[in-house]
Structures are given as structure tokens and as C-alpha cells.
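# Chains, contacts and geometry: an overview
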There are 4 protein chains.
Amino acid sequence: MHASPLKIGIAGLGRMGRRHATNLAQRVQGAELVAGCSPLAEELAWARDTLGVAHGYADYAQLLAHPGLDAVFLVTPTTLHADQIIAALDAGVHVFSEKPLALNLADCLRVEKEAARHPKLKAMIGFVRRFDASYRDAADKIRAGAIGRPFLARSQTTDKNDPSGFFVRFAPTSGGILLDMSVHDIDTVRWLLGAGAARRVFATGTIALHQNLRDANDVDNAVATIEFEGGEIATIYASRTMAHGHDTMTEIVGTDGRITVGQNPRLNRVEIADAWGVRNECTPTFYERFADAFLNEAQVFVDVVREDAEPPLTLEDATEATRIGIAVTESLRSKRSVEL
Amino acid sequence: MHASPLKIGIAGLGRMGRRHATNLAQRVQGAELVAGCSPLAEELAWARDTLGVAHGYADYAQLLAHPGLDAVFLVTPTTLHADQIIAALDAGVHVFSEKPLALNLADCLRVEKEAARHPKLKAMIGFVRRFDASYRDAADKIRAGAIGRPFLARSQTTDKNDPSGFFVRFAPTSGGILLDMSVHDIDTVRWLLGAGAARRVFATGTIALHQNLRDANDVDNAVATIEFEGGEIATIYASRTMAHGHDTMTEIVGTDGRITVGQNPRLNRVEIADAWGVRNECTPTFYERFADAFLNEAQVFVDVVREDAEPPLTLEDATEATRIGIAVTESLRSKRSVEL
Amino acid sequence: MHASPLKIGIAGLGRMGRRHATNLAQRVQGAELVAGCSPLAEELAWARDTLGVAHGYADYAQLLAHPGLDAVFLVTPTTLHADQIIAALDAGVHVFSEKPLALNLADCLRVEKEAARHPKLKAMIGFVRRFDASYRDAADKIRAGAIGRPFLARSQTTDKNDPSGFFVRFAPTSGGILLDMSVHDIDTVRWLLGAGAARRVFATGTIALHQNLRDANDVDNAVATIEFEGGEIATIYASRTMAHGHDTMTEIVGTDGRITVGQNPRLNRVEIADAWGVRNECTPTFYERFADAFLNEAQVFVDVVREDAEPPLTLEDATEATRIGIAVTESLRSKRSVEL
Amino acid sequence: MHASPLKIGIAGLGRMGRRHATNLAQRVQGAELVAGCSPLAEELAWARDTLGVAHGYADYAQLLAHPGLDAVFLVTPTTLHADQIIAALDAGVHVFSEKPLALNLADCLRVEKEAARHPKLKAMIGFVRRFDASYRDAADKIRAGAIGRPFLARSQTTDKNDPSGFFVRFAPTSGGILLDMSVHDIDTVRWLLGAGAARRVFATGTIALHQNLRDANDVDNAVATIEFEGGEIATIYASRTMAHGHDTMTEIVGTDGRITVGQNPRLNRVEIADAWGVRNECTPTFYERFADAFLNEAQVFVDVVREDAEPPLTLEDATEATRIGIAVTESLRSKRSVEL
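Residues numbered from 1 in each chain as written. Chains lettered and ligands numbered in written order. Predicted model: local features only at pLDDT ≥ 70, side-chain atom pairs only at ≥ 80, totals over all residues.

## Looking at the overall build of chain A
- Along its length, chain A carries 12 helices and 15 strands.
- Compactness check: chain A gives a C-alpha radius of gyration of 20 Å against a globular reference of 20 Å for 340 residues, within 12% of the reference.
- Expressed as a percentage of its 340 residues, the buried residues of chain A come to 59%.
- A separation threshold of at least 6 residues defines the contact pool for chain A, and within that pool the share at least 24 residues apart is 73%. (Helix = DSSP H or I, 4+ residues; strand = E, 2+ residues; numbered from the N terminus. Rg over C-alpha atoms; globule rule 2.2 N^0.38 Å. Buried ≥ 20, exposed ≤ 12 C-beta atoms within 10 Å, placed from the backbone. Contact = placed C-beta atoms within 7 Å.)

Here it is in C-alpha cells:
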């Protein structure tokens, strides 16, 4: 056990960065948020004033050079992840990075290679569903044999429609809907099925509402099918146009039963009966849905570092999710199935 | 087995009467609807034109005198039930009557006494829940020991609010909300608990919307508690002011589990996810909720007569429901508990 | 309006045939079941003794020659449908046939051609979901704009596992899991999406339990994706190995909401809370799930004939379902996407 | 705003005490757990070793004398609450106490009187449901008019049966099932209905399983009805013998709709479909059900003290809950309705 709290720096203080920073500063046991990094002065000011983070850097290299730094949290644009992870490892610092690891396979492999040179350092990618209490319960039940042999999965990440189409601006650099959103589902089904390598994928999509996605060769609704080498099959659905809220769900079918996580994206335990029927409100965004999971995730990472334990998911897991994400994106664009 | 179909006459061709008439004429096996009785010529014309019921009588005595008549269905005002049942039995005719048997105990006992003089004739009161597939399944499971020893019940009959307050007109003769509506719940909890005699009741109520019920000494929402001699307890809720629909439900708690019938009064298997959340529409009135049960009920009665079998519920059951209904009504009005 | 009841003959008196026969003999208004046809004497005896069907034929041609016959119901093996429909039309008899119309496109087109020569005769294929109250409600809501423009569907037909593998025997002649089971979903999603022609499909599958399906080149679980010319997308799931019951469901996503039919295949309105949690039992087979729909279906067909109305689904609908079913089966076997 | 963190001492380090202590030490912002008090040396050792609480006292007076102490948390036996609250106020220390305030009215009034002498000190009783996200959402919706005028409530606290009957030992000092368990429901329905004084109650109960409760004049299942002066009605159910888990729920009926909190006590978002149907597991005890609420509650108390704000519930609320709890207990034992 690492005797004193981990000294952590965070790079990226946007919406997600502020969440991670708040968790690290206030709720994660064994963590001490000592420094922040952002190109925006007001974000550093926020960290200082709200969380008491004394040190703010505009430059990532300076963050890594912070005296006594043990670990960094990367909540930066995906295109920076690979280089920033490698720089952290080179600086002798443990690293947690938001998903996805990268949008191309070469970057993933570069990171893996560098990590192999630093076997004492932990590197973990934030596939947050692995830290959600319900998903973990499902995984535990499946491992314990509750549904026999799992062989089929269905998983979706669907966002409430933002009429402003804010996300359209990010389409050109997001890697496309399947790399941006479904990479979560890809990791989740691999984990819950206990699947090996993927061997064939098919995907297709449509623009339901946001016609200007066409310019970025993207769609706002897509489905994909993935076959794994052991015969397992997964179907994936991604949407940015739901009317009712953020609706993440996963279903695993086994030879003795089926387990579903998040069938109804209920906001809480409140049910209303009125002129619209019997109804429940829904989680508006992933932010509310996975609030506890983000905290658990950070706690697990901190514990893993302090106890020198194995992270529950590896860089190879992250690479495989990107590899499949690239394949389904290729299928979506080429309109044919793709062999891996 | 009665070789040929039962020749049945029906008295009362209002909304419920037309439903029973249609079932008897078209869907109940072994039944032949041969005559109708109504003071309204247009109701008789409807039966003739729509269902092919050749004979229409304005007078109940004439109906009973219809040649070859085997049985009558009474869908008439409650205040007529006792006399009409007795007249039917005297005429040697089996009789099915809509609930409740009567609004006072003397009438119930008069009917029981007369029935005892005609042991070959069947008399059955229409507690329709006993013929609903879900309620029957619950009863079967309880009898089979699925929840251990049942000891507590909760049951409600709640109607969607009719802003016109149509029902207020009938308040003076309805016997009050607990005799009019809750008599169903009283019979249901007795049946599902397997309870003996009631020994103490308490009730209270309030007017939520329909202030003019005050003139009839009635309320539009009431709750009651019933203790049975074996220690079983039932709580009852009746309402005329629901916003979402007709919501009939019953819950039985036992030493090894709980069975609930109708927790969510879903209209069908459709679920909608939209700006109001995830929701289902509700059964608008008891009419849709119990459509199949009314058919089953008539079929069971016809089978009982043709096979000379025991009716699944007795006149004593109907009397006990009225007896308890009177007691809770007295408690509601006197604002104190009532011993039986 | 056809003044007198339709005189109907039924061919096929197996499990489904007996259901149709019972409905026609006892519950469908305006129908008279006058004759049955089966190669098995005991099936004809059953129809005579139980339903009072006086005439029984071993030969289909004799059934068609029954004096005064208005219509036939075909509940025979799929391989016979095309020829039997054509023979009925040639004999001047309206015809209802169980799904699917045929297992190959040539047969479908032969039937269409023959039907075109008999414009006064009705021919309807039994896609029973179109007559289920919940599916109809969903269709009505979608037509009324409740979910905006529908653009994506998910539909499944999944049977409870039969450990005896009884169905394996029929695999060689069933056309494969997607033609046998998913043809229902294909018709349903076409109907609910209001989709035009399909243009591309992909399918894959796996054997979860019944290894001897391999001999028939079949699987016990399969998924398919269908793209329609208007950009609509449907994903389909078929399984013969569910642990919990028969689970048919369909979900339609539109620009303003989502409608789901049958999310939870609840058996009835009973809910149990015990050591296994809060739970409901499930419909064991399609037989219980669609009991009312089979009755409605027969009633609609009889009404259509008597009122000389348009059937709610056409032979072209049936042909298109077969065409898509063949394409997804080809994809399943070839392991690549198929263009139509 | 209180500039530095509140220095807090905790009295009572049993199961609930350890939860409060952990929250205060690790997760409540603006709190510093500086001292613990317990008669058991091992409990003080736990607080020191696990939470780093440097100071441990066997004596409550010593805790209050801890230098610089701002507030105490009382997680002690109910019989001690009144005296300990008064001592805290006399010592100039803010006080949070677990519910109920006391088991008799005199103690409640003594505390109120003492608190009135210390208007600068905060005293709050831990009715934890007021701090649960779902209950708060319901309260907000009701206040905003979502269900019109609320007029009827149903609320239950039902525990999973403990076959060991552990709780039976505490029956003699618990005040009886209605004071011990239902005091939560009483406070909840008062809060959600916005009700004034109670004017009449009725209660009854039964022993379903634990016969030795008879010696303590207690039962393991009880129901109560409460009428408020504004005409609102509440029914309450308490049970110690549920088979499926801890099932706390509340339903509020208004003139325009109904809001229910916790209809199904689902453990999480996992749903299982297998041989037992479609099902979800349940919260085993109140501990898991209200984990977040206990944290919120402590945070609110700390914020109230630091910001010198009004507590969201008053000592008068706590007194009224006890007053009604005593009345329903009297009714349960006397078998008649009780006027207040």
C-alpha cells in the first residue's frame, strides 16, 4: 500500500474534467489533487477557487514536471491521448485516460509498446461502464454462471436529441458515431461475453434529423453487428436523436437466461400516474446516469496504483475496442461487411 | 350435462346489460339468449336488431313466463335484485345477478332463505374479479402455497375522474362509495385470504373534487380497514377521482411472499418513450379492464347450470360482502370503528 | 354485406388448425364451419364430435367441392400453401392461409398471378401480429404521428427452449430459422415503418444449444439487419433457446419518440415478490401470447369477405416478406451482406 | 458561511454510527470528524484506525467538552436522545440526532423548550427520507403542482424477514412497531401532503411469524390510518416479515395525478429473465436503500450549520411524528380509533 495519498494532476477541465477533478479533490479516498492543466485561465481559476487546487499549468509538460506528482488524469481531446499517455509514462507517472484510447490502431499500439517499457506504471482507460454498480452486478452474475454460457449481446448508447445539433461541430474529429459512442458498447459486450477477437462486422446507419452530418460523412443513428471468433454475436445501436433521454442499455443472452442492464433508463424511483399514463422520467444525459460510476472508476484507479494491483481492464482491451470501432465504421461507410 | 343450450332471458339492457346480452348471444357456449326485458322500447329493439333476440318484454313477470326459459340474467338497479331473484326462483328459473346482492342485510337473508327452498336452482352474484384470468391465477398460486399463509390484503377500485360528475346523481341510491365500489374488493380479499367472518372495521373518507356528494352524505375517496376473525387484515381504497384511468388492484401478503394483481393498470403491451418519459396508457374504465372476465363469468354460470355443479361463489359470500360493506359505510359516517 | 354466414372449410386440423377451427365454429361472427379436411381420421372425428362439423374429407379437392362452400382456411404445411391457394381460387373460393405464403419467390409470384385473375376473391395470409390489439394500437399511434417519422425498428421472435429439440426434425423443410420465425418480424417492421422495398441485408447466427441443427445448415439463434430504400433500418432477432418463455417484441424509433410492443412478455397482471425478487411469469408460447389475435384475424377475414372490403394486408406484402426472408437466409449462410 | 470545517463529534459507533462516521470523515464537505464517543473501546479503536479519529471518549459529557467542538451526531439508543440533545444545546453545540426524537411527548416538548432557549443552535432529527433524491423529487413535483392538491397518502416500511428474530430482543424498548418503523412514514406523509395536525387515527396488527413478540405486546405487521385536520388521509403499513427484501414506498394521490416513490424496491438496473420469469432483485435492507440519503442528510446538516440556514425539518416536525406514532400505537393496543 502506498502510505500517503497519491498526488494527482488533471489535464483538461471542461465539463468531464471538472467532474473528475471534483471527485478526486473531495470524494476519492487516498487521492490528493495537487495540480490542474488547461489552456484556459478561467478553468484553472475554477480549480483553485472551488477545489483548492493550488497549482495550475497551461502546459502539459509542466504538469508532468510538478514536484512529487504520482499520477495524471487525462480528460483531453481524444487526438491528444496517445501522446499524453506516452509522455506521462516517460515522466514516470501513472496515467488514467478518458476513453477512447485513440482513433487509429497505430496510436493504440504505440501506447501499448511504451507501457510495456514501464511495467511498474499503471495505465488505464476510462470505460466507465465497467465501474457502474449495475454493470458490475451483471458481470458478476454472468461469471457465476447465472445465465449459463453467454453467446449473444445487444447494447446501445443513445443520447437525447440536442436540437441545437451542438455535437455536429465535433463530428469531423470524433471518428464518427460508432467510434465516438459505441466504443463503450464494444468494450462492454467484450467484457460481458468474455469474447475473444472479432472476426467479422457489419454496420449501417441513417440520418434521422441532423442533415448537416452528411458533410462529415457521419450519421446520427447507426447499428452494427459483430461476430467474435468463439461464435458470440453482438448487435450495437448508437443514436443521437432520442426523444426521452439518455438511454444506455445492454442485454446478454445465455443458454440458461438473459440479463439486461438499464432496460428502462429511469431517472430515480419516482413514478407518476396522470393523464399521460403511468410513467417515469429518464436520465437526461450520461452524466447523471454514470455519476457514481465515474467516482468508482477514479477510486479503483487510485486503489490499483496504491496497492500495485492489476487494473481491471488493460490497454489491450482499449486497443481491441478501437480496432472493432474502426472496422464497424469502415463497414458503415463502405456498405458491406468487413472481415478482421 | 344439459343436452340443449340454456334458454336465457336478460333483464336490463343498459350499458352492462348490452355487454352481457352480447356475450350470451354470441360468445358463451351452451347459451341461447331468447328474450330481453326493459322498460325502454329502444333497448328491446336494439336486442332484436343487433343480436336477433326475438322476444322483448317491458315487464319482468312476463320475461319469467317466457316459454321454456331456463335462466335469467339480472342487470337491473341494485334495489330490484332481491325481489327479482326471489321471483325467478319462484318461477323455477336459475338466476345470475349483477353485484351487489342488496344494500341491506334483510334483503340478502330473504334471498338466501328463498334459495334454500330451491336447492336445484342455481343463484350466483356477479363478482366479476373471481373470473378474471389474473385474479384466478393469483388465487390458484395462493391455494398452492406460493406465498405461505396469506395474512394481509390491500385492494382498491379506483375510477378515472369523470369531470361531469355523472355518478353524483346516483349517489343517493348507490349505498355510498364503499357499498357501490368496494364490495368488489371486500369479496376479493375474503376469497384470496380465505378469510372467515369480519370482526372489526374502520373507514374514513374525503371529498377531493365532487363537493355536491355532500348532499348525499357520500365522499369521492374512502379507505377502510377490515379485521377478520382469524387475524387477517385487509385495507381497501375506493376513489372516483383518478387522473390516469381505472385502476383496480389487489395485493396479498403471505408469510413466504407477496402476490399483486394489477399493480400497473396497463391498457395493453404498448410502451411509449417520449418527452413525458417511459410510459404506458391505462385501462380507461372497468369495462375494458374486465372484458374477458365478464365473458368467463357468464360461461361459468352457464356451465354450472348445465352441469348441475356448485357455483364458485355462494349467496353467503354475497351476503358477507354486503354485511361488511354496510359496516364500513357505518364507520365512514360515524367516524369510529365498528364491531361486527 | 353477405347476408347469411360464410360457409367455411378448414384444411389442416393439427394444433393450429384446431385453434382456427374452434374460433370459426364458436366465436367468429358471420362464420359457419361446414367442413374439415385432414388425412387423419381422428382429426376429422374431433371436429365432428367437438365442434359439430358434419363433413370431413381426406382430400383437399373434395373439400373445395363441398356444396355452397364460400371460403377455406389453410393450416397446412407451408410447402402446400401455393398450390392450395391457387386451387381454391380456381374453385371460386375465398382463401385464408397461414404464413408464410411460400418458401420461394416463384411460388409467391404464381399465387399473385392467379389471384389477379380472380379480382372478386379475397386471399389473405395470416400475419397474426397485424391483428393483435397491442400491435394495432402501436400502428395507429405511429400513423397518427405519435413518434414523428419512424426510421428504425428492432423486432424479435424468440421461443422458449424445448430441451427435446422437437423442432429440429422440421429444420430441413422449415426454410431455416429466419424464414420460419423472422418472417413475422419482417412483415411487422415493414408495416410499422411504412417501408418500401428492401435494398441490402446482413445476417449471422450461432448454435447455442441444438448442435444437430448443423446437419440442416440451420442455427438456433440468428440476427439480421435490413435496410430499406427510404433509409429505414430494421434489426431482427430470432431464437429457439430462451429460458424464460416466448418473447415476441418490436420497437419502433421515430424522430419524436419510441414505441415498444411487448417489452416484457408478461403472462398476465400477476406480480410475485419473493426470494427470487419482484417478478412476473412469461407467456410460454406464441399460442397464449396471440390467442386473441388469432380470433381477431379470423373475424377480420370473414368481415372482409362478407363486406367485399380490402384485406388489411395484401399478397404483395406476403411476397415481400418471403423475398426478404430468403435474402437474410442467404446472408446467414454466405456470411456476407446481400443486395436486393 | 462558517469559514473553516465544522468540528464534529459522534456519539454511538454501532452499525449506523459507523456509517455516519465514515460519511463525516470522508465524504461530507466542510466537516471534520474530530472525536468519537462509545462505551466500547473497540468501537473507538475502529474510528481511530479506520477513519483517523484521534480522540475517543467513553463518556458523552467528555465528548461535549472536546475543545472547539462545533456539533455532535447522536446515533445512540432512542431513550437517550432527549437528554443528550439537551446536554449538547447546553454545551453550545449544534446537534443532529437519529430518529425518533423520543418515545414520549414529554421528552419531545422538553427538547423543544430547551432549543427555544438556544436560537442560534441548530437541532435536526434524521428523517432520512427527506434527503433521498427520489423523495425530494416527489416533494418538488408536488410543491410545483404536478398532481394538483394532494389529499391521500399510502406509505410503508417493510423489512425483509430475519428468521433469527434478532429484532424481537429490542421489542420491549422499541416503542412498538409503529413508533419504531412507521415514524418514518408518518413524517414522510406529513411532509408530502403538507398536512397540519392529525385529528383521528386507527391501527391494527397481527403476528405473522414471530410469536414471541406477544410478550412485548407487539406485532410484526401493522396497518394504521391517520386523518389530518385538513381532511387529508394517510394509510401506513409496517412489516418485519417480507420475503423479498426491504420495501419502503410512498404514494401520494392528488386531484390531478398520483406520485409513487419506490413502487418496486429494485436493487439496481439489472433485470433477469430465466425460469422464474422476468425479475429484479430487491434492496436487502434500508441500509442499501438509503445509502446516498444518509450522506445527503449529513451534508445538509453541515451546510445548515455553516450557512446559519433553517433546517429543512424542525423539532416540531419530529414531535408531531412522535405524537401520531404514540396515538396509532395506542389504537393498535386498544383496538379502537383514537382522537387527538
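## What to know about the packing of helix H6 (residues 133-143) of chain B against helix H9 (residues 183-193) of chain B
Residue and element names in this part refer to chain B.
- Between H6 and H9, the shortest axis-to-axis distance is 9 Å and the interhelical angle comes to 30°. Taken together, the axes of H6 and H9 lie roughly parallel to each other. Within the contact between the two elements, H6 uses Tyr135, Ala138, Ala139 and Ile142 and H9 uses Thr188, Trp191 and Leu192.
- Within the contact of H6 with H9, the residues separate by chemical class into six nonpolar, one polar and no charged. (Axes fitted to C-alpha atoms, helices over the stretch in contact; angles between N-to-C directions. Parallel < 35°, antiparallel > 145°, perpendicular 65-115°, else oblique. Nonpolar A, V, L, I, M, F, W, Y, C, P; charged D, E, K, R; others polar.)

## Overview of unusual backbone geometry
- Here Lys99(A) and Pro100(A) are connected by a cis peptide whose omega angle stands at -10°.
- On the secondary structure map, Pro100(A) appears in the loop between strand E5 (94-98) and helix H5 (105-116).
- Unusually for a residue other than glycine, Asn217(C) sits at a positive phi of about 55°.
- You can see Asn217(C) is positioned in the loop between strand E8 (198-206) and strand E9 (221-228).

## Remarks on the interface of chain C and chain B
- Listed as interface residues are 22 residues of chain C and, on the opposing side, 22 residues of chain B.
- Put simply, the parts of the chain that give the side of chain C that touches chain B at least two residues each are helix H1 (15-27), helix H6 (133-143), strand E12 (257-261) and strand E13 (270-274) of chain C.
- Partitioning the side of chain C that touches chain B into residue classes produces seven nonpolar, eight polar and seven charged.
- Where strand E12 (residues 257-261) of chain B meets E13(C), four bridges bridge the pair, whose relative direction is antiparallel. Paired with Ile259(B) across the bridge in E13(C) is Ile272(C). (Pairing = 2+ DSSP bridges.)

## Some points on the domain arrangement of chain A
Residue and element names in this part refer to chain A.
- Under the domain assignment, chain A is made up of domain 1 (6-126) and domain 2 (131-289 + 321-339).
- The C-alpha-based centres of domain 1 and domain 2 are spaced at 27 Å.
- Between domain 1 and domain 2, the contact holds eight residues from the first and 10 residues from the second.
- Tallied by class, the residues present in the side of domain 1 that touches domain 2 amount to six nonpolar, one polar and one charged. (Domains from an automatic or database assignment.)

## Some remarks on the nonpolar core
- Judged by nonpolar contacts, the single largest core of 222 residues is most densely connected at Ile10(B), Val72(B), Ile10(D) and Val72(D).
- With residues near it in sequence (within four places) discarded, Val72(D) still touches Ile8(D), Gly9(D), Ile10(D), Ala11(D), Leu63(D), Leu64(D), Ala88(D), Val93(D) and Val95(D).
- One finds Phe73(A), Val223(A), Phe301(A) and Tyr60(C) within the second-largest nonpolar core, a separate group that totals 221 residues. (Core = buried A, V, L, I, M, F, W, Y, C linked by C-beta atoms within 7 Å.)

## Observations regarding the relation of the copies chain C and chain A
- Superposing chain C onto chain A takes a rotation of 180° plus a shift of 0.0 Å along the axis, which leaves an RMSD of 0.0 Å. Read as a symmetry element, the transformation amounts to a two-fold axis. Across chain C, the rotation axis passes nearest the C-alpha of Ser337(C), at a separation of 3.0 Å.
- With an isologous cut-off of 70% or more, the 100% of interface residues of chain C that recur at the interface of chain A puts this contact in the isologous class. (Least-squares fit on C-alpha atoms with pLDDT ≥ 70 in both.)

## Examining the confidence of the model for chain A
- With 99% of its residues at a pLDDT of at least 70, chain A reaches an overall mean of 96.
- Scored as a whole, the predicted complex attains pTM 0.96, and scored at its interfaces, ipTM 0.96. (pLDDT = per-residue confidence, 0-100.)

## Some remarks on the interface of chain C and chain A
- Listed as interface residues are 25 residues of chain C and, on the opposing side, 25 residues of chain A.
- Contributions of two or more residues to the side of chain C that touches chain A are made by strand E7 (150-160), E8, E9, strand E10 (233-242) and E12 of chain C.

## Side note on the relation of the copies chain C and chain B
- Aligned on chain B, chain C shows an RMSD of 0.1 Å; the corresponding rotation is 180° and the shift along the axis is 0.0 Å.
- The share of interface residues of chain C whose copies in chain B are also at the interface is 100%, consistent with both copies meeting through the same surface.

## Some remarks on the pairing of strand E7 (residues 150-160) of chain A
All names here are of chain A.
- Most of E7 is tucked away, with 11 of its 11 residues classed as buried.
- Where E7 meets strand E11 (residues 247-254), eight bridges bridge the pair, whose relative direction is antiparallel. Residue pairing across strands places Leu152 opposite Val253, the latter belonging to E11.
- Here E7 runs beside strand E10 (residues 233-242); their pairing, made up of eight bridges, is parallel. Residue pairing across strands places Arg154 opposite Thr235, the latter belonging to E10.

## Structural notes on the environment of Met124(B)
Residue and element names in this part refer to chain B.
- Assignment of secondary structure puts Met124 in strand E6 (residues 123-126).
- Along the primary structure Met124 and Phe96 are separated by 28 residues, whereas in three dimensions their C-alpha atoms are 5.0 Å apart.
- Look past the residues within four positions of Met124 in its chain and what remains in contact with it is Phe96, Phe301, Pro311 and Leu313.

## Let's talk about the sheet that holds strand E3 (residues 55-57) of chain A
All names here are of chain A.
- The six strands lie next to each other as E3-E2-E1-E4-E5-E6, forming an open sheet whose pairing is parallel. Two strands close off the open sheet at either side, each with one partner strand: E3 and strand E6 (123-126). Neighbour-to-neighbour, the strand axes of this sheet turn through a mean angle of 25°, independent of strand direction.
- In this structure, strand E1 (residues 6-11) lies alongside strand E4 (residues 71-74), joined through four bridges in parallel fashion. Paired with Ile8 across the bridge in E4 is Ala71.

## Points about the packing of helix H6 (residues 133-143) of chain A against helix H9 (residues 182-193) of chain A
Residue and element names in this part refer to chain A.
- One way to put it is that H6 packs onto H9 with a least axis distance of 9 Å and a crossing angle of 30°. Between H6 and H9, the angle falls in the class roughly parallel. Each of Tyr135, Ala138, Ala139 and Ile142 in H6 lies in contact with H9, whose residues at this interface are Thr188, Trp191 and Leu192.
- Considered class by class, the residues forming the contact of H6 with H9 number six nonpolar, one polar and no charged.

## Concerning helix H5 (residues 105-116) of chain C
Residue and element names in this part refer to chain C.
- The end-to-end C-alpha distance of H5 is 17 Å, a good match for the 16 Å that 12 residues give at a rise of 1.5 Å each.
- Along H5, the residues that are buried comprise Asp107, Cys108 and Val111. Along the long axis of H5, the arc covered by the buried residues comes to 105°, so they all point the same way. Counted as exposed and oriented over 90 degrees from the buried face of H5: Ala106, Lys113 and Ala116.
- Structurally, H5 contributes buried residues whose contacts are with helix H4 (78-90) and helix H12 (315-334). (Expected span 1.5 Å × (residues − 1). Arc of directions from axis to C-beta.)

## Regarding the sheet that holds strand E1 (residues 6-11) of chain B
Residues and elements named next belong to chain B.
- Spatially, the six strands line up as an open sheet ordered E3-E2-E1-E4-E5-E6, and their pairing is parallel. Sheet topology places strand E3 (55-57) and E6 at the edges, where each strand pairs with a single neighbour. With strand direction ignored, the average angle separating the axes of adjacent strands in the sheet is 25°.
- Here helix H4 (residues 78-90) sits on the sheet in contact with E1, strand E4 (71-74), strand E5 (94-98) and E6, set at roughly 170° to E5.
- In the packing of helix H11 (residues 291-306) onto the sheet, the strands contacted are E1, strand E2 (31-37), E4, E5 and E6, and the crossing angle to E1 comes to about 135°.

## Things to note about the environment of Phe166(A)
- Within the fold, Phe166(A) resides in the loop between E7 and helix H7 (171-174).
- Counting along the chain gives 141 residues from Phe166(A) to Ala25(A), while the straight-line C-alpha distance between them is 30 Å.

## Observations regarding helix H12 (residues 315-334) of chain B
All names here are of chain B.
- Between its first and last C-alpha, H12 extends 28 Å over 20 residues, near the 28 Å set by a 1.5 Å rise per residue.
- Of all 20 residues in H12, 15 are buried, a share of seventy percent or more.
- In the stretch just after H12, Lys335 is the one whose phi turns positive, near 60°.

## Here we look at the pairing of E11(A)
Residues and elements named next belong to chain A.
- Within E11, seven of the eight residues are buried, leaving the element largely enclosed by the surrounding structure.
- Bridge count for E11 against strand E12 (residues 257-261) is five bridges, and the pairing is antiparallel. Residue pairing across strands places Gly254 opposite Gly257, the latter belonging to E12.
- What sits between the antiparallel neighbours E11 and E12 is a turn of two residues.

## Structural notes on the environment of Val75(B)
- By the element assignment, Val75(B) lies in the loop between E4 and H4.
- In this structure Val75(B) touches Ile10(B), Ala11(B), Gly12(B), Gly14(B), Met16(B), Gly17(B), His20(B) and Glu98(B), once residues within four positions along its chain are discounted.

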